[in-house]
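# A structural walkthrough
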Amino acid sequence: MKIAFFDTKKYDQEVFEPKLKAAKIKAKFYDTRLDEDDVVLAKGCDVVCVFVNDTVNTTVIDKLKEYGVKMIALRCAGFNNVDYKHAAEVGITVVRVPAYSPYAVAEHAMALLLTSTRKIHKAYIRTRDFNFSLQGLTGFDLYGKTVGVIGTGKIGKVFINICKGFGMKVIAYDKFPSKDLDVEYKPLDAVYREADILSFHCPLTDDTLHMFNFGTLGKIKPGVVIINTSRGALIDAEALLEGIKNQKIGAACLDVYEEESGYFYEDLSGSIIDDDTLSRLISMPNVIVTSHQAFLTKEALENIATTTIENVKQIDAGKECPNIVK
Ligand code: NAI
């Protein structure tokens, strides 16, 4: 058994290596992303292990099949970057890690929200320069505000509980509402109209692509804070920028961005960024961007590695695996 790991960083390797050794699985770690150009690196491997920004389309899958790869193991929850239907057609099994720490992502969403509403990002820079002025740092209480949670699965549920702990009123939209969740579900448009804060926690699908768009700008409350820790393309970035520019949107907290794949996870501090929308968003005083790091806790990395290896072992042994993407 040999696995080719794509788009890996040092922290991935550190957590996977001892577990692979214990499971007697050989591995190759590549920092390059899996795509049409680099799929050749999978030659001689039984499994490819990919992350959120690898490209696993029909061309890549056909090549993987040609090289004898039997499994695509996602070391993440979202699988919008994998053509899993085509993989099934050619007989390649796709597995994922559906839950590794919903707390990691939900807590990051709250961290972004608090940073934004209490202007911690500005205060941090000021005090490092011995500027102790409070001018321009007025925030607002979360207590009593209405938060609209879109997607009430594992992460959405944890986020709802965190918000309740702050004394916020929670309303929610989910295409498949949960029967055992103590939350007031409303149609999406009503959530857009009533929420002071909107947080996105649903997967990226054909249904949810650009679910926040130019039309949404006419529905939201002036000054609304937008949080997206799910997938960038839930939000039309041009519409978001327009809302920020015309001050309809009060602030945006983004851990994901529609076109993040060429940028996020890389040190581009010495480069010219050719995405004007991203550059403009980052330049705004009320936009906070983190580089798809909401998952990045010790607990989550441990769970990701354990479940990924367990998935691979189960499929290899012909056993039942609950984490197959169907
Ligand atoms: P989950 O599958 O437990 O929950 C997703 C929820 O979205 C479900 O309740 C589902 O019914 C709902 N949903 C599905 N289609 C919908 C639609 N059209 N409209 C509204 N709601 C819809 O997933 P989980 O674990 O809560 O993760 C949510 C998303 O968070 C993932 O899909 C992934 O994209 C993202 N994520 C981001 C991470 C990061 O580091 N920023 C890390 C992990 C996940």
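Note that the coordinates shown come from a computational prediction; the quantities given were computed from them, not determined experimentally.

Attention now moves to the nonpolar core. V48, L64, I72, L198, F200 and F212 are the most contacted members of the largest nonpolar core, which totals 82 residues. It is helix α10 (residues 298-316) that contributes the most residues to this core, 7 residues altogether. Each of domain 1 (2-100 + 297-316) and domain 2 (102-289) gives at least three residues to this core. Beyond its immediate stretch of four places on either side in the chain, I72 contacts V48, V50, V56, I61, L64, A87, I92, T93, V94 and V95. Counting 23 residues, the second largest nonpolar core, distinct from the first, contains L113, F159, I197 and C253.

With that out of the way, let us pick up the packing of helix α1 (residues 10-22) against α10. Their axes nearest at 10 Å, the elements α1 and α10 cross at an angle of 45°. The orientation of α1 with respect to α10, classified from their angle, is oblique. As for how α1 packs across α10, the hand of that crossing is right-handed. On α10, the residues touching Y11, D12, V15, F16, K19 and L20 of α1 are L301, E302, I304, A305, T306, T308 and I309. Its residues placed into classes, the contact of α1 with α10 shows 8 nonpolar, 2 polar and 3 charged.

What follows deals with the sheet that holds strand β11 (residues 249-254). One open sheet accounts for 7 strands, arranged β8-β7-β6-β9-β10-β11-β12; its pairing is parallel. Strand pairing shows two members of the sheet lacking a second neighbour, β8 (184-185) and β12 (287-289), which therefore form its edges. Pairing geometry for β11 and β12, over 3 bridges, is parallel. By the bridge assignment for β12, C253 is matched with I288.

Bringing the side chain of H292 into the picture now. Positionally, H292 belongs in the loop between β12 and α10. Polar side-chain contacts of H292 include one of 2.6 Å to the side chain of E260. In this structure H292 touches V52, R231, D255, V256, E260, F264 and Y265, once residues within four positions along its chain are discounted.

Analysis parameters
Residues numbered from 1 in each chain as written. Predicted model: local features only at pLDDT ≥ 70, side-chain atom pairs only at ≥ 80, totals over all residues. Heavy atoms only, no water. Core = buried A, V, L, I, M, F, W, Y, C linked by side-chain atoms within 4.5 Å. Buried < 20%, exposed > 50% of the residue type's maximum accessible area, 1.4 Å probe, protein only. Helix = DSSP H or I, 4+ residues; strand = E, 2+ residues; numbered from the N terminus. Domains from an automatic or database assignment. Contact = heavy atoms within 4.5 Å. Axes fitted to C-alpha atoms, helices over the stretch in contact; angles between N-to-C directions. Parallel < 35°, antiparallel > 145°, perpendicular 65-115°, else oblique. Left-handed = near helix turned anticlockwise from the far one by under 90°. Nonpolar A, V, L, I, M, F, W, Y, C, P; charged D, E, K, R; others polar. Pairing = 2+ DSSP bridges. Polar contact = N/O pair within 3.5 Å; in protein donor to acceptor, adjacent residues only side chain to side chain.

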